[in-house]
Amino acid sequence: MTYRDGILPLPKPARRRSASTPGAVSGRMNTRTWLMLLPELLSAELPEPLRDFRVRGPRHSLIGFYYGADERVHYEVWIQPRTGMIELGLHCEAEPELNLALLEAMAAQIETIIAALGPQVEGEQWTKRWTRIHETRFAEPLSPAYAAGVAKRLARYITTLEPLRVSVEPRDVPPATQAPAASPRGGRRRTGL
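These numbers come from a predicted model, not from an experiment.

S.K.: Which parts of the structure should I look at to understand the overall build of the protein chain?
M.R.: Across its full length, the protein chain carries four helices and six strands. When the helices and strands of the protein chain are read in sequence order from the N terminus, they spell out α-β-β-β-β-α-α-β-β-α. Counting all 193 residues of the protein chain, 49% fall into the buried class. In the protein chain, of all internal contacts separated by at least 6 residues, the share reaching a separation of at least 24 is 68%.

In structure tokens form, the structure reads like this:
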């Protein structure tokens, strides 16, 4: 299987409703408090070599986790209160060459990725500066137990995809497209969400 037309050749599963209904994301906790639980829970789910992530956020209704100095390639959890959905996965928001190299590396290992993460995983080039390997599902009401489940699922993404990300970035990308060091303030404005 190969990367073609901005999409990884992944099957598109039908979305299933969970016990919650759209718009029922806010449960017993507010979104920011819930997101702030994820770093500690995620760390507990990861093997020791992958616990040295950095945290981006929480900002509004999302939080990111990244390795190294470049936060533009990060694992993200995004609560979408208006639709009652949650998205999690690997977001690549760097130069187009790096994003494409990462997506092609994922496409080359698609059987392994599906075996590890399941058929609900989608890969796509959303824009020239944004690709992602992710899943979107109906969210449950926000609670510590649900945060633990999301952290466990995100840990599975990281343990599956991080070795592929490291194998591509930035060694296989021309030097002109390598990312600059992260800003001292820790980020940039998010666009396109």
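S.K.: Just to check I follow, could you spell out the packing of helix α3 (residues 110-117) against helix α4 (residues 144-168) for this structure?
M.R.: Each packed pair of helices is defined by two parameters, the angle between the axes and the distance between the axes. Where α3 contacts α4, the two axes come as close as 10 Å, and the packing angle between them is 160 degrees. When the axis of α3 is compared with that of α4, the two are roughly antiparallel. At the point where α3 passes α4, the crossing takes the right-handed sense. Residue-level inspection shows I113, A116 and L117 of α3 in contact with α4, the latter providing R153, R156, Y157, T160, L161 and L164. Classifying every residue of the contact of α3 with α4 gives six nonpolar, one polar and two charged.

S.K.: Hey, could you run me through the packing of aromatic side chains in this one?
M.R.: Under the definition given, this model contains three aromatic pairs. Measuring from centroid to centroid gives 6.5 Å for Y67 and Y75, while their planes differ by 80 degrees, and the two rings are edge-to-face. As far as the burial class goes, Y67 and Y75 line up, both buried.

S.K.: Can you walk me through the pairing of strand β2 (residues 62-66) in this structure?
M.R.: Look at any regular strand and the pattern is simple: side chains alternate between the two faces of the sheet. Buried residues dominate β2, accounting for five of its five residues. Burial along β2 is two-sided: L62, G64 and Y66 and I63 and F65, pointing in opposite directions, are all buried. Both strand β1 (residues 54-59) and β2 contribute to a ladder of four bridges, which runs antiparallel. Among the inter-strand pairings, V55 is bridged to a residue of β2, identified as F65.

S.K.: Please explain the pairing of strand β6 (residues 130-138) as it appears in this structure.
M.R.: Burial runs high along β6: eight of the nine residues are buried. Where strand β4 (residues 85-92) and β6 come together, eight bridges link them in antiparallel fashion. Note that in β6 the partner of L88 across the bridge is E135. Between the end of strand β5 (residues 122-127) and the start of β6, which pair antiparallel, lie two residues.

S.K.: Just to check I follow, could you spell out α3 for this structure?
M.R.: Note on helix geometry: an α-helix contains 3.6 residues per turn, so any two residues three or four positions apart are oriented the same way. Those residues of α3 that fall on the buried side of the exposure criterion are I110, I113, A116 and L117. What you see down the axis of α3 is that its buried residues fit within an arc of 130 degrees, all on one side. Tucked inside the fold, the buried residues of α3 contact α2 (96-108) and α4. Immediately beyond the C-terminal end of α3, within one or two residues, lies G118, with a positive phi of roughly 95 degrees.

S.K.: Quick question: what am I supposed to make of the nonpolar core here?
M.R.: The tendency in soluble globular proteins is for nonpolar side chains to be buried side by side. Judged by nonpolar contacts, the single largest core of 44 residues is most densely connected at W34, L38, L42, V77, L154 and L161. Listed by contribution, the elements that provide at least two residues to this core are α1 (31-45), β2, β3 (73-80), β4, α2, α3 and α4. Per-element accounting of this core gives the leading share, eleven residues, to α4. Contact partners of L161, with chain neighbours within four places excluded, come to Y75, L90, M106, I113 and I133.

S.K.: Whenever I open this one, unusual backbone geometry confuses me. Can you help?
M.R.: Leaving glycine aside, a negative phi is the common case for residues, and trans is the common case for peptide bonds. Put simply, G57 and P58 share a cis peptide bond, and its omega is 10 degrees. By the secondary structure assignment, P58 is in strand β1. Not every positive phi belongs to a glycine, and H60 is a case in point at roughly 55 degrees. By secondary structure assignment, the location of H60 is in the loop between β1 and β2. Judged by its relative accessible area of 77%, H60 falls in the exposed class.

Reading guide: rules and limits
- Residues numbered from 1 in each chain as written.
- Predicted model: local features only at pLDDT ≥ 70, side-chain atom pairs only at ≥ 80, totals over all residues.
- Heavy atoms only, no water.
- Helix = DSSP H or I, 4+ residues; strand = E, 2+ residues; numbered from the N terminus.
- Buried < 20%, exposed > 50% of the residue type's maximum accessible area, 1.4 Å probe, protein only.
- Contact = heavy atoms within 4.5 Å.
- Axes fitted to C-alpha atoms, helices over the stretch in contact; angles between N-to-C directions.
- Parallel < 35°, antiparallel > 145°, perpendicular 65-115°, else oblique.
- Left-handed = near helix turned anticlockwise from the far one by under 90°.
- Nonpolar A, V, L, I, M, F, W, Y, C, P; charged D, E, K, R; others polar.
- Phe/Tyr/Trp six-rings, centres within 6.5 Å; stacked < 30°, edge-to-face > 60°.
- Pairing = 2+ DSSP bridges.
- Arc of directions from axis to C-beta.
- Core = buried A, V, L, I, M, F, W, Y, C linked by side-chain atoms within 4.5 Å.

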